[in-house]
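Observations on chain architecture
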Amino acid sequence: MSKASFIKELSIPAIAAPMFLISGPKLVIECCKNGIVGTFPALNQRTSEGFEQWLIEIKTALSDFEKETGTKPAPFGVNLIVHQSNPRVQADLMLCVKHQVPIITVSYTHLTLPTNREV
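Residues numbered from 1 in each chain as written. Predicted model: local features only at pLDDT ≥ 70, side-chain atom pairs only at ≥ 80, totals over all residues. Heavy atoms only, no water.

1. As for the environment of Cys96
To keep things clear, this is the line we draw: We count a stretch as a helix when DSSP gives it H or I for four or more residues in a row; a strand needs E for two or more, and each element gets its number in order from the N terminus. For the exposure calls, accessible area comes from a 1.4 Å probe over protein chains only, and a residue counts as buried if that area is under 20% of its type's maximum, exposed if over 50%, partly exposed in between.
Summarising the element assignment, Cys96 is placed in helix H3 (residues 89–98). In this structure Cys96 comes out as buried when scored by relative accessible area, which is 1%.

See the structure below:
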């Protein structure tokens with residue numbers, strides 16, 4: 001198995017985990033500018049329209065940083081909740097593709113309660 005090509009762009013091989021209600025554009029941008037992969041959950045932004053604005057904000061800030069400093073920032077990533085309870089998953093995935101999000105992680109849980117009922 002070969003290493004991802006972006007590994008050489010990192011200060012340290014670390015990822016700032018996508019934290020519910022905490023991770024957003026400011027945290028992601030600062031992580032990436034400092035050589036750490038910054039990530040956030042798509043659902044931290046309450047609408048797909050707002051999510052797209054966050055993607056634009058992050059990409060613009062990182063592009064500006066690279067132009068101003070000559071330093072390539074670490075890539076950023078988005079965590080998608082891939083579950084039937086998330087009605088936005090398809091729309092948010094399409095936005096990730098449209099904006100060429102470098103890293104996409106997914107969260108999925110399949111639970112069976114003691115009553116054998118799926119959640």
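2. Comments concerning the pairing of strand S3 (residues 76–81)
Our working rule: Think of it this way: DSSP has to see at least two bridges between two strands before they count as a pair.
For S3, the tally of buried residues reaches 5 of 6 residues, placing the bulk of the element in the interior. Of the strand pairs in this sheet, strand S2 (residues 37–41) and S3 are connected by 4 bridges, and their pairing is parallel. Residue pairing for S3: Gly38 is matched across the bridge by Phe76. Pairing of S3 with strand S4 (residues 103–107), which is carried by 5 bridges, proceeds in the parallel orientation. Residue Leu80 lies in a different strand from S4, and its bridge partner there is Val106.

3. Side note on the confidence of the model for the protein
Low pLDDT marks stretches whose predicted atomic positions should not be read closely. The condition is simple: pLDDT expresses how confident the predictor is about each individual residue, on a scale running from 0 to 100.
Chain-level pLDDT for the protein is 89 on average; 88% of the residues reach the 70-or-more range. Put simply, strand S1 (residues 15–16) is where the protein has its lowest mean pLDDT, 90, and helix H2 (residues 48–69) is where it has its highest, 98.

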